[in-house]
Structures are given as C-alpha cells and as structure tokens.
Amino acid sequence: MLAPPGTLMKLANTNDRIYFMQSHLIKDMDTLNKILEGKPVSFFNVRHPFERLVSAYTMFRKQNRMDVGRETFVEFIQEEVLLKANSSKNPKTLREMEPHLRPSNTYCAFCNIKYDIVSYMNTFREDTERIREILGLEKEEKEQRLRINTGDKIQNVTTDYFKNISETD
C-alpha cells in the first residue's frame, strides 16, 4: 500500500515548522533545513486503530506494565484510552495517554508532512521490500513473523476482543 512519491514538507508557516520541530525533536531551524536539503524519503507505517489497541492491551498484559491483569478489555478501553483521552489538557497531543495508545495523528504531523510512502502493518514485509528498492538497498531475507503478543493473526484477535464491546460501554 505505497503512496506515490511526493515532496517531504508542506510546512506553510513558521508555527507549523516550530510545531514539527518540537514534535520530532529537531533542535533548530538550521537542522530542519539541512535535513530537507538532503531530499529525504519519508515514510510512515500505519495500523488499524483497533488492532493497535488490542496489540497494546495484550503486550501490557504480557509485560505486566499496567494493572491489566485485573482489567477486562472493556475496562482497559474505558480507563486507559477514553478516560485519559477525554481528560487530556491538549486534545492535539494527548500527552497524558500512554504513547502506544495515542492516535497516530498526535505524533506524526500528517497535516504537515507529505509522506513519500505510507505503509500498512499488514503489508509491512512487502512494503519494506519496496522501500529498500526505492532507497537502493539490498534485499533482506524474509523473516518469519512471530506474533509474540497474540499468537494469532491480529485481525482475528481484534475481532474477538471488540465483539464484546457494546455501544453503552
């Protein structure tokens, strides 16, 4: 799912450039301009938002990173996602949320960057091959996907988790 190549930046004004630099930890305007002069290839990998939430939930449970062992998936969505998103001071950044749970547009400036390539998690292997080809890099040997957090295809696991959520939850 590769997007057609394009210009990296379309940062129209100084405020957009400053926000971009802060979001991406670029120290100053000279550094940003130097990066842009090199004609970088920009790419981003996206994942269905429900799949991201299920993947994070299963990862947190496995790593005991949150009190998820006692939480159901519905409670996790209510407490870790919705409650924290709705109580965030800045709805554009949602900094109070765990980074794995934030929507992608809060940290990747989709409105300010015209990505050359947008890859989808489900076609990541094929997209990586195409990106390497565009960059003139050698092909890598294909590795087996481990599915270490779910043990099954994420689409199946996501369907199972979300079928238990009602509109009133």
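Residues numbered from 1 in each chain as written. Predicted model: local features only at pLDDT ≥ 70, side-chain atom pairs only at ≥ 80, totals over all residues. Heavy atoms only, no water.

1. Details of the overall build of the chain
At step 1: Scanning the chain from N- to C-terminus turns up 6 helices and 2 strands.
At step 2: Residues counted as buried form 30% of the 169 residues belonging to the chain.
At step 3: At a minimum sequence separation of 6, the contacts of the chain that also span at least 24 residues come to 64%.
At step 4: For the chain, the computed accessible surface area is about 11600 Å², with 52% contributed by carbon and sulfur atoms. (Helix = DSSP H or I, 4+ residues; strand = E, 2+ residues; numbered from the N terminus. Buried < 20%, exposed > 50% of the residue type's maximum accessible area, 1.4 Å probe, protein only. Contact = heavy atoms within 4.5 Å. Areas by Shrake-Rupley, 256 points an atom, 1.4 Å probe, with all protein chains shown as cover.)

2. Overview of the packing of aromatic side chains
Each aromatic ring pair is summarised here by two numbers: the centre-to-centre distance and the angle between the ring planes.
At step 1: Scanning the entire structure with this criterion turns up 9 aromatic pairs.
At step 2: When the centroid spacing of 5.7 Å and the interplanar angle of 45 degrees are considered together, the rings of F44 and Y115 count as tilted. With F44 in strand 1 (residues 43-46) and Y115 in the loop between helix 4 (73-86) and strand 2 (117-120), this residue pair connects regions lying 71 residues apart in the sequence.
At step 3: With a relative accessible area of 10%, F44 lands in the buried category.
At step 4: Taking 4.9 Å as the distance between ring centres and 45 degrees as the angle between the ring planes, the aromatic pair formed by F73 and Y161 counts as tilted. (Phe/Tyr/Trp six-rings, centres within 6.5 Å; stacked < 30°, edge-to-face > 60°.)

3. Describing the pattern of salt bridges
At step 1: Scanning the entire structure with this criterion turns up 3 salt bridges.
At step 2: E80 serves as the salt-bridge partner of K84, at 2.9 Å between the closest nitrogen and oxygen. Here K84 pairs with E80, and both are found in helix 4, just 4 residues apart, close to one helical turn.
At step 3: Judged by its relative accessible area of 13%, E80 falls in the buried class.
At step 4: For R130, the salt bridge is made with E133, and the minimal N-O distance between the two is 2.9 Å. Taken together, the residues R130 and E133, both in helix 5 (residues 124-135) and 3 residues apart, mark about one turn of the helix. (Salt bridge = Lys/Arg side-chain N within 4 Å of Asp/Glu carboxyl O.)

4. Re the pairing of strand 2
At step 1: Side chains of strand 2 alternate between two faces, with I117 and S119 buried and V118 and Y120 left unburied.
At step 2: Two strands pair when backbone bridges link them, and strand 1 and strand 2 are joined in this way by 4 bridges, in the parallel orientation. Following the sheet pairing, F44 is matched in strand 2 by V118. (Pairing = 2+ DSSP bridges.)

5. Some thoughts on the nonpolar core
At step 1: Within the largest apolar cluster, 16 residues are counted, with the highest numbers of intra-cluster contacts made by F73, F76 and L101.
At step 2: Secondary-structure elements contributing two or more residues to this core are helix 3 (49-63), helix 4 and helix 6 (154-162). (Core = buried A, V, L, I, M, F, W, Y, C linked by side-chain atoms within 4.5 Å.)

6. Considering helix 5
At step 1: A rise of 1.5 Å per residue sets the reference length of helix 5, with its 12 residues, at 16 Å; its end C-alpha atoms lie 16 Å apart and thus fit the reference within 8%.
At step 2: Note on helix 5: the residue one or two positions beyond its end, G136, has a positive phi of about 75 degrees. (Expected span 1.5 Å × (residues − 1).)

7. Here we look at the packing of helix 3 against helix 4
At step 1: In contact at an axis separation of 11 Å, helix 3 and helix 4 are set at 100 degrees when each is read in the N-to-C sense. The angle between helix 3 and helix 4 falls in the class roughly perpendicular. Together, L53, V54, Y57 and F60 of helix 3 and F73, F76, I77 and V81 of helix 4 make up the contact between the two elements.
At step 2: Across the contact of helix 3 with helix 4, the residue classes break down as 8 nonpolar, no polar and no charged. (Axes fitted to C-alpha atoms, helices over the stretch in contact; angles between N-to-C directions. Parallel < 35°, antiparallel > 145°, perpendicular 65-115°, else oblique. Nonpolar A, V, L, I, M, F, W, Y, C, P; charged D, E, K, R; others polar.)

All quantities given are derived from atomic positions and should not be read as evidence of function.
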